[in-house]
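Close look at the chain arrangement
The primary structure of each chain is shown beneath.
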Amino acid sequence: MPLTNTLPTADLQALDAAHHMHPFTANGALAEKGARIITRADGVRLTDSEGVELIDGMAGLWCVNIGYGRHELAEAAARQMRELPFYNTFFQTSHVPAITLAAKLAELAPDNLNHVFFAGSGSEANDTNIRLVRQYWALKGQPERRTIIARRNAYHGSTMGGGSLGGMAAMHAQGGMPIPGIVHIDQPYWWGEGGDTTPEAFGLERAGQLEAKILELGPENVAAFIAEPVQGAGGVIIPPESYWPEVQRIVDQYGILLIADEVITGFGRLGHWFGSQSYGIRPHIMTVAKGLSSGYQPIGGSIVCDEVAQVVAQDEFNHGYTYSGHPVAAAVALENLRILAEERIVDRVRETTAPYLAQAWSSLSDHPLVGEAVSRGLMASLALTPDKASRAGFAMEPGTAGYICREYCFANNLVMRHVGDRMIIAPPLVITNVDIDMLIDRARRALDQTL
Ligand code: PLP
């Protein structure tokens, strides 16, 4: 069947409804309404099948860091497809794109994170991490260290492993998650859960839950703690400044492995190559995906410290994916990293765009529906509330106000997501100040219409 992009929108929507099961979607309801069909994109703008342009406030799905339409990546993919479209790295072979990308990531990653296990996505990489940390402790002669501590409302992917590490109640309710050996503590969500405490005290209190959980389980049973430097899919929850230093103290004290899930925060989103650098976190493993290739190809991986990699290397690690280190994806990722570095895109986020967004975004806090308007790097969120003082929820079903606001954003040709009643953005890192102003104008219009 040839690509159907010459069909009218209604026909495409009908085919979509008839045959395509969308992820994280009530497909019945979408079929009634019809999906908006995106046909092209350039820079920070999408074009739909009716020729209407939208500002993509979500960089696709937190991933198109260098923006759309970079032909260099298409050329890198075509070159690699002609030369070596696929080969595996399982059975005593390797290939140039995987070798070069692993070495490049070792160069970019902080400290002693020098080894890369490739996967096809962030979910797969987090599944790898479960296996890696348990294998590490088993080889160290401490096989009882199996439990991984994670956080409620975290997102670490949608496979059984990734979904179990994640703390999304709606996901756990479907399909038998979490799998055994994964437990959750609370998130450092000050605005929503901090009550009368100061952010600093609340950050310490929530980090303290990690210590309490380690002591409850017995440190000798705990393999690792996993967390996103800034929770993304949970609603862009920016932790109080006190949180990460205290978490670092605790994992150091009890000798627990620290996994930083950098799937969103990696590759410039917070103004450094990795979110861990932005918060002074020293992880043993970083999960990466998304911005690694700016989403132009599916690729993820675990960047692993010397100590863990050397121990795991003592035995065969019975784990891997057909597409681990896929040569085309690796070639595209390398080209993406070249552009991020040569065009100083990460530096520009830190020096210019993030400070501009912080100031422009916070202007939304005067809106009657907005309880807090916060950002870190190029991730930002609004908490919607009918009563700023009490931070109350809406009388209607939770999430409905966010859903309505998201629909108005869409109608105003802005892609902004909602998570419950939090509105979130994470635009391409190449967004300009002029486009930030336009994005915020459209967001304000949608908020007005939501009232
Ligand atoms: N980890 C984090 C922090 C994520 O945000 C995501 C996806 O949004 C994942 C893991 C899963 O990545 P993927 O969707 O590539 O499997």
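The structure presented is a predicted model; accordingly, all values stated were derived computationally and were not measured. (Residues numbered from 1 in each chain as written. Predicted model: local features only at pLDDT ≥ 70, side-chain atom pairs only at ≥ 80, totals over all residues.)

Assigned secondary structure in the protein chain consists of 17 helices and 15 strands. The C-alpha radius of gyration of the protein chain comes to 22 Å, within 12% of the 22 Å expected for a compact globule of 451 residues. If you line up the protein chain on its principal axes, its C-alpha atoms span 60 × 60 × 45 Å. Classification of the 451 residues of the protein chain by burial places 48% in the buried group. Long-range pairs, those at least 24 residues apart, make up 72% of the contacts in the protein chain between residues at least 6 apart in sequence. (Helix = DSSP H or I, 4+ residues; strand = E, 2+ residues; numbered from the N terminus. Rg over C-alpha atoms; globule rule 2.2 N^0.38 Å. Buried ≥ 20, exposed ≤ 12 C-beta atoms within 10 Å, placed from the backbone. Contact = placed C-beta atoms within 7 Å.)

Another aspect to go through is the sheet that holds strand β9 (residues 285-288). The mixed open sheet is built from 7 strands, whose spatial order is β4-β10-β9-β8-β7-β5-β6. Here the strands that pair on one side only, and so sit at the sheet edges, are β4 (113-119) and β6 (182-185). Here the average twist between neighbouring strands, direction ignored, is 25°. Contacts from helix α6 (residues 122-139) reach β4, β5 (147-151), β7 (222-227), β8 (257-261), β9 and β10 (300-305) within the one sheet, and its direction differs from that of β10 by about 30°. Of the strands in this sheet, β5, β6 and β7 touch helix α10 (residues 199-217), which is tilted by about 145° from β6. (Pairing = 2+ DSSP bridges. Axes fitted to C-alpha atoms, helices over the stretch in contact; angles between N-to-C directions.)

Our focus in this paragraph is the pairing of β9. Of the two faces of β9, the one holding I285 and T287 and the one holding M286 and V288 are both buried throughout. In the sheet, β8 pairs with β9 via 3 bridges, with the strands oriented parallel. Across the sheet, residue D261 finds its bridge partner in β9, namely T287. Sheet topology note: the β9/β10 ladder contains 4 bridges and is antiparallel.

It is worth spelling out the sheet that holds strand β13 (residues 414-415) at this point. The mixed open sheet is built from 4 strands, whose spatial order is β1-β2-β3-β13. Strands at the two margins of the open sheet, each flanked by one partner only, are β1 (38-42) and β13.

Attention now moves to the nonpolar core. Buried together is how nonpolar side chains tend to be arranged in soluble globular proteins. Formed by 130 residues in total, the largest nonpolar core has its most connected members in I148 and A224. For this core, the element with the highest residue contribution is helix α14 (residues 327-342), accounting for 9 residues. Each of domain 1 (36-66 + 344-450) and domain 2 (72-342) accounts for three or more of the residues forming this core. Residues contacting I148, with those up to four places away along its chain left out, are I130, V133, L165, G181, I182, A223, A224 and I226. (Core = buried A, V, L, I, M, F, W, Y, C linked by C-beta atoms within 7 Å. Domains from an automatic or database assignment.)

The full set close to the ligand counts 16 residues, and S121, G122, S123, G157 and V263 are the nearest of them. No other element matches the 3 residues that α6 contributes to the shell around the ligand. In the shell around the ligand, the residues fall into 5 nonpolar, 9 polar and 2 charged. (Near = placed C-beta within 6 Å. Nonpolar A, V, L, I, M, F, W, Y, C, P; charged D, E, K, R; others polar.)

Since the α-helix advances by 3.6 residues per turn, residues separated by three or four positions end up pointing in the same direction. The terminal C-alpha atoms of helix α17 (residues 433-450) lie 25 Å apart, and with 18 residues this matches the ideal 26 Å at 1.5 Å per residue to within 8%. Buried within α17 we find I436, L439, I440, R442, A443, A446 and L447. For α17, the buried positions fall inside an angular range of 165° around the axis, keeping them on one side. Exposed residues pointing more than 90 degrees away from the buried face of α17 are listed as V434, D437 and D448. Tucked inside the fold, the buried residues of α17 contact β3 (53-56), α15 (345-362), β11 (370-376), α16 (400-411) and β13. (Expected span 1.5 Å × (residues − 1). Arc of directions from axis to C-beta.)

A few words on the environment of L429. Within the secondary structure, L429 is located in the loop between β15 (422-425) and α17. According to the C-beta neighbour criterion, L429 is buried, with 27 such atoms within 10 Å. The sequence separation of L429 and R348 amounts to 81 residues, and the corresponding C-alpha distance is 8.6 Å. Discounting residues that sit within four places of it in the chain, L429 has contacts with N65, I66, G268, I345, V349 and L378.

Between two packed helices, what matters for the description is the angle formed by their axes and the separation of those axes. Contact pair α10 / helix α11 (residues 243-254): the axes reach a minimum separation of 8 Å and the direction vectors enclose 20°. Taken together, α10 and α11 sit at an angle that is classed as roughly parallel. As α10 packs across α11, the resulting crossing turns out to be right-handed. Listed contacts from α11 to G203, L204, R206, A207, L210, E211 and I214 of α10 are Y243, E246, V247, I250 and Y254. Across the contact of α10 with α11, the residue classes break down as 8 nonpolar, 1 polar and 3 charged. (Parallel < 35°, antiparallel > 145°, perpendicular 65-115°, else oblique. Left-handed = near helix turned anticlockwise from the far one by under 90°.)

Burial analysis of β5 places 4 of its 5 residues in the buried class, which makes it a mostly covered element. Two strands pair when backbone bridges link them, and β5 and β7 are joined in this way by 3 bridges, in the parallel orientation. Paired with I149 across the strands is F225, a residue of β7. The sheet contact formed by β5 and β6 spans 4 bridges and is parallel. For I149, the partnering residue across the bridge sits in β6 and is V183.

All right, on to the domain arrangement of the protein chain then. Annotation of the protein chain at the domain level lists domain 1 (36-66 + 344-450) and domain 2 (72-342). Placing a centre on the C-alpha atoms of domain 1 and another on those of domain 2 gives a separation of 26 Å. Facing the 28 residues of domain 1 at the interface are 24 residues of domain 2. For the side of domain 1 that touches domain 2, the secondary structure elements donating two or more residues are α3 (59-62), α15, β11, β12 (379-384) and β15.

In this section: the confidence of the model for the protein chain. Taken over all residues, the pLDDT of the protein chain has a mean of 97, while the share at 70 or more is 99%. Predicted complex, confidence summary: ipTM 1.00, pTM 0.98. (pLDDT = per-residue confidence, 0-100.)

Put simply, M177 and P178 share a cis peptide bond, and its omega is 0°. Position of P178 among the secondary structure elements: in the loop between α8 (169-172) and β6. Positive phi, normally seen in glycine, also occurs at V236, with a value near 50°. By the secondary structure assignment, V236 is in the loop between β7 and α11. Taking the number of C-beta atoms within 10 Å as the measure of exposure, V236 has 25 and is therefore buried.

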